[in-house]
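Secondary and tertiary structure notes
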Amino acid sequence: MKLDDIDKRILRALQRDGRMANNDLANEVGLSPSPCLRRVKLLEEAGVIDRYVAVLNPASIDKGLTFFTRIWLKTQDEDTIEHFATEVAKLPQVMECYLMLGDCDALVRVVAADVNDYRRFQSEHLSRIKGVQNVKTDVPSWTIKYTSELPI
């Protein structure tokens, strides 16, 4: 789908506030409500807008620490990678998981209440996934930027 300037303004506004009323959105992007709603529906149908979510404050639900975990697999064959991907996708503490090109095989972002909570998660879940050879964890000391807004 080719995005024009109005589509981009709509997307920027909805990334900031996904619950924005259509009338407010239309006013912000310079359209009347009906054409604005029509454009939003087209963006949804085209898959440009994937879904609407509530962004939670991790500390308020006792998941205030983030850990970046680098994982090395015993082998990189298709069965090992598929098994790892399937198992890691089941873990609610895993916020993101990427198969990597480079030093490690996977990079995982995990949330936990504290270091002990993470340690339990690593020993009871991550390290027990068949095919995992090594796990190393980095703990950020300061979050400089955290956003879900894509540049448009």
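Residues numbered from 1 in each chain as written. Predicted model: local features only at pLDDT ≥ 70, side-chain atom pairs only at ≥ 80, totals over all residues. Heavy atoms only, no water.

Per an unreviewed UniProt entry, the recorded name for the protein chain is Lrp/AsnC family transcriptional regulator, and the organism is Mesorhizobium salmacidum.

**Quick notes on the UniProt feature "domain: HTH asnC-type" (unreviewed entry) in the protein chain**
Counted only if it meets this: UniProt positions are given in the numbering used here, feature names are shortened, and annotations may be inferred rather than shown by experiment. What counts as a helix is a DSSP run of H or I of at least four residues, what counts as a strand is a run of E of at least two, and both are numbered from the N terminus.
Feature annotation in UniProt assigns "domain: HTH asnC-type" (unreviewed entry) to the following positions: residues 3-66. For residues 3-66, the end-to-end C-alpha separation is 35 Å, with 52% helix and 3% strand making up the annotated structure.

**Details of the pattern of salt bridges**
Note the cut-off: A pairing counts as a salt bridge when a side-chain nitrogen of Lys or Arg comes within 4 Å of a carboxyl oxygen of Asp or Glu. For the exposure calls, accessible area comes from a 1.4 Å probe over protein chains only, and a residue counts as buried if that area is under 20% of its type's maximum, exposed if over 50%, partly exposed in between.
Counting across every chain of the model gives 10 salt bridges. Salt-bridge contacts for R39 lead to D4; the nearest nitrogen and oxygen are separated by 2.9 Å. Here the residue R39 occupies a position in helix α3 (residues 33-45), and D4 occupies one in the segment before α1 (5-16), the gap between them amounting to 35 residues. For R39, a relative accessible area of 22% translates into the label partly exposed. In this structure, R39 engages D7 in a salt bridge whose closest nitrogen and oxygen atoms are separated by 2.9 Å. Linking R39 in helix α3 with D7 in helix α1, this pair joins segments that are 32 residues apart in sequence. Take D7: its relative accessible area is 5%, and that puts it in the buried class. Each member of the salt-bridge network shares a partner with another, and the members are D4, D7 and R39.

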